[in-house]
Amino acid sequence: MTLRLGLGLPQMPQYDPRRDVRAAARAAEEIGYDSVWVFERTLFPREPLDGLYGVPGLPWPDFYRHCADPLVTLTLAAAVTDRVRLGSSVLVSGLHAPFPLARTLATLDAASGGRVLAGLGTGWSQDEYRAAGVTPHADRGDQMDELLDVCAAVWGPDPVAYEGRWTRIAPASIGPKPARPIPVYLAAQGRRALERLARRADGWLPVQLTGEQLTGQLARLAAATERHGRDAAELDVVLRVGVGLTDAPLPAADRRPYTGSHDQVLADLAGAAEAGAHEVLLDFQQHCRDGAELTDRAADLHARIRTAGL
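The shown structure was predicted, so the numbers you read here are calculated from the model rather than taken from an experiment.

Draft legend 1. Layout of the overall build of the protein. When you go through the protein residue by residue, the secondary structure sums to nine helices and 13 strands. Over its C-alpha atoms the protein spans a radius of gyration of 19 Å, differing by no more than 12% from the 19 Å that the globule rule assigns to 310 residues. Seen through its C-alpha atoms, the protein measures out along the principal axes to roughly 60 × 45 × 40 Å. Out of the 310 residues in the protein, the part that is buried amounts to 54%. Total accessible area computed for the protein in this model is approximately 13,900 Å², and 52% of it derives from carbon and sulfur atoms. The protein carries 33 positive and 39 negative side-chain charges, and their two centres are separated by 3 Å.

Here it is in C-alpha cells:
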C-alpha cells in the first residue's frame, strides 16, 4: 500500500494567513498530497504553569507566540480545494465547548463535501485551559468523553437530545448535518487516553515517533483494542512529523528523527511505513522562512518519496 501523505498548513508567525494558507492548500492538492492539517496552540504564557508538553522546566518554543486559529485555517483551505481531506492534529478538546465545536465541524464537513477528519486530544497546558474557561484542566478526560458523545448526537439524526455534565440539549433539530459520518481520530499517550482510543476512535494520531517506537506503541494499542472487542487493524494511523532538511547528512549522535539529509528523512519515513503508519503528516513550517519555501519543500519531498516507492 502506498503511504498516504498529508501537509501541515502554515500557522506560525512567519506566515501571512491572508495569503499563505490558501496558497499552501492549493499547492498541496496540485502536488498530490492526500490531506492538509492544522494544530492548535492558543497562547504563549510569560510565566507558564507547565513546561512544554507538561515536562517541568522545558521552555516553550518562540513559534508558539503566534499560531493561527485551526478552524479558521481549515475553512480557508476548504474554500480553495476540492479533493484533499481536512484534518486536525489536534484540536484540544477542553478549549472548546462541546456543542459549538460539534456544530462547526458538521458545517465544515457539509461545506467541503465530506472531507473533515476530526482529530482531538486533551492537551497538556494548564494556562490554555485557564484562559479558555470551558472546563478545569483536571476534568479534561471527562470533558473529552462528553465531547465525543455530543458530536455523535449532533451529527446523528434529529431530534437530538443530550444530558451531560457540561452540555444539555433538549430535543431539537440541529443542522446542517455532516456530508457523511465524520471520522474521529484521537491522540493518546496515557492509559486512559489509550483505552478511549481503543474503544471509540476511527484513527490514532501519534507524533514524531520512529518506526521502532511506533511498533511498540501499536503493540500496546492492539492489546487495548482486543480488550474492547475490536481489531487494531480497523484503526487508521496518521503520524505527524516535523521535517527539518539539511544539505548534508547529520551525524547519528546529533540527529533527531525526520531531520537531516533527504536520504536520512526518507529512511525514517520508510521505517514508519514498515512499522504500520498508513499516512504521514509532513510539517515543514517550523523550518521555512515563508509560504513559498514551504510549498517548494513540500513539492520536492513529495516527489522524492514517490520516487523511492513509498
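Okay, back to it.
Draft legend 2. Here's a closer look at the packing of helix α3 (residues 98-112) against helix α5 (residues 140-155). Interhelical geometry of α3 versus α5 gives an angle of 45 degrees and a closest axis separation of 9 Å. Taken together, α3 and α5 sit at an angle that is classed as oblique. Seen from above, α3 lies across α5 with right-handed handedness. Taking contact as the criterion, the partners of P98, F99, L101, A102, R103, L105 and A106 in α3 are, on α5, Q143, L147, V150, C151, V154 and W155. Here the contact of α3 with α5 is built from residues that sort into 11 nonpolar, one polar and one charged.

Draft legend 3. Region of the structure containing a nonpolar patch on the surface. Together, Y53, V55 and L58 give the surface a local cluster of nonpolar side chains, amounting to about 280 Å² of exposed area. Structurally, the position occupied by Y53 is in the loop between β2 (35-38) and α2 (70-79). Look at Y53 and you get exposed, because its relative accessible area is 53%.

Draft legend 4. Spatial organisation of unusual backbone geometry. Along the chain, S89 connects to V90 via a cis peptide bond; the corresponding omega equals 0 degrees. By the secondary structure assignment, V90 is in the loop between β3 (85-88) and β4 (91-92). With an omega dihedral of 0 degrees, the bond running from D158 to P159 counts as a cis peptide bond. Structurally, P159 is set in the loop between α5 and β6 (160-163). Phi is positive for Y53, close to 60 degrees, though the residue is something other than glycine.

Draft legend 5. Molecular detail of the nonpolar core. By size, the foremost hydrophobic cluster in this structure holds 84 residues, and its most contacted members are L105, L120, W155, W204, L282 and F284. Per element, the largest residue contribution to this core is eight residues, and it comes from α5. With residues up to four places along the chain from it excluded, the contact list for L105 reads L71, L91, V116, A118, W155 and I182.

Draft legend 6. Seen up close, the packing of aromatic side chains. Evaluated as defined, the whole model comprises six aromatic pairs. Arranged with centres 5.0 Å apart and planes meeting at 85 degrees, the rings of F63 and Y64 form a pair that is edge-to-face. Residue class for F63 comes out buried when judged on its relative accessible area of 19%. We classify Y64 as buried; its relative accessible area is 7%. The rings of F39, F44, Y53, W60, F63, Y64 and W124 are connected pair by pair, giving a single aromatic cluster. One Lys or Arg, R41, reaches over the ring of Y64 and ends 5.3 Å from the middle of that ring.

Definitions and limits used
Residues numbered from 1 in each chain as written. Predicted model: local features only at pLDDT ≥ 70, side-chain atom pairs only at ≥ 80, totals over all residues. Heavy atoms only, no water. Helix = DSSP H or I, 4+ residues; strand = E, 2+ residues; numbered from the N terminus. Rg over C-alpha atoms; globule rule 2.2 N^0.38 Å. Buried < 20%, exposed > 50% of the residue type's maximum accessible area, 1.4 Å probe, protein only. Areas by Shrake-Rupley, 256 points an atom, 1.4 Å probe, with all protein chains shown as cover. Lys, Arg positive; Asp, Glu negative; His and termini not counted. Charge placed at Lys NZ, Arg CZ, Asp CG, Glu CD. Axes fitted to C-alpha atoms, helices over the stretch in contact; angles between N-to-C directions. Parallel < 35°, antiparallel > 145°, perpendicular 65-115°, else oblique. Left-handed = near helix turned anticlockwise from the far one by under 90°. Contact = heavy atoms within 4.5 Å. Nonpolar A, V, L, I, M, F, W, Y, C, P; charged D, E, K, R; others polar. Patch = residues over 30% accessible without salt bridge, like charges linked within 9 Å, V, L, I, M, F, W, Y side chains within 5 Å. Salt bridge = Lys/Arg side-chain N within 4 Å of Asp/Glu carboxyl O. Core = buried A, V, L, I, M, F, W, Y, C linked by side-chain atoms within 4.5 Å. Phe/Tyr/Trp six-rings, centres within 6.5 Å; stacked < 30°, edge-to-face > 60°. Lys NZ or Arg CZ within 6 Å of the ring centre and 35° of its normal.

Limitation: the analysis is restricted to geometry and does not speak to function.
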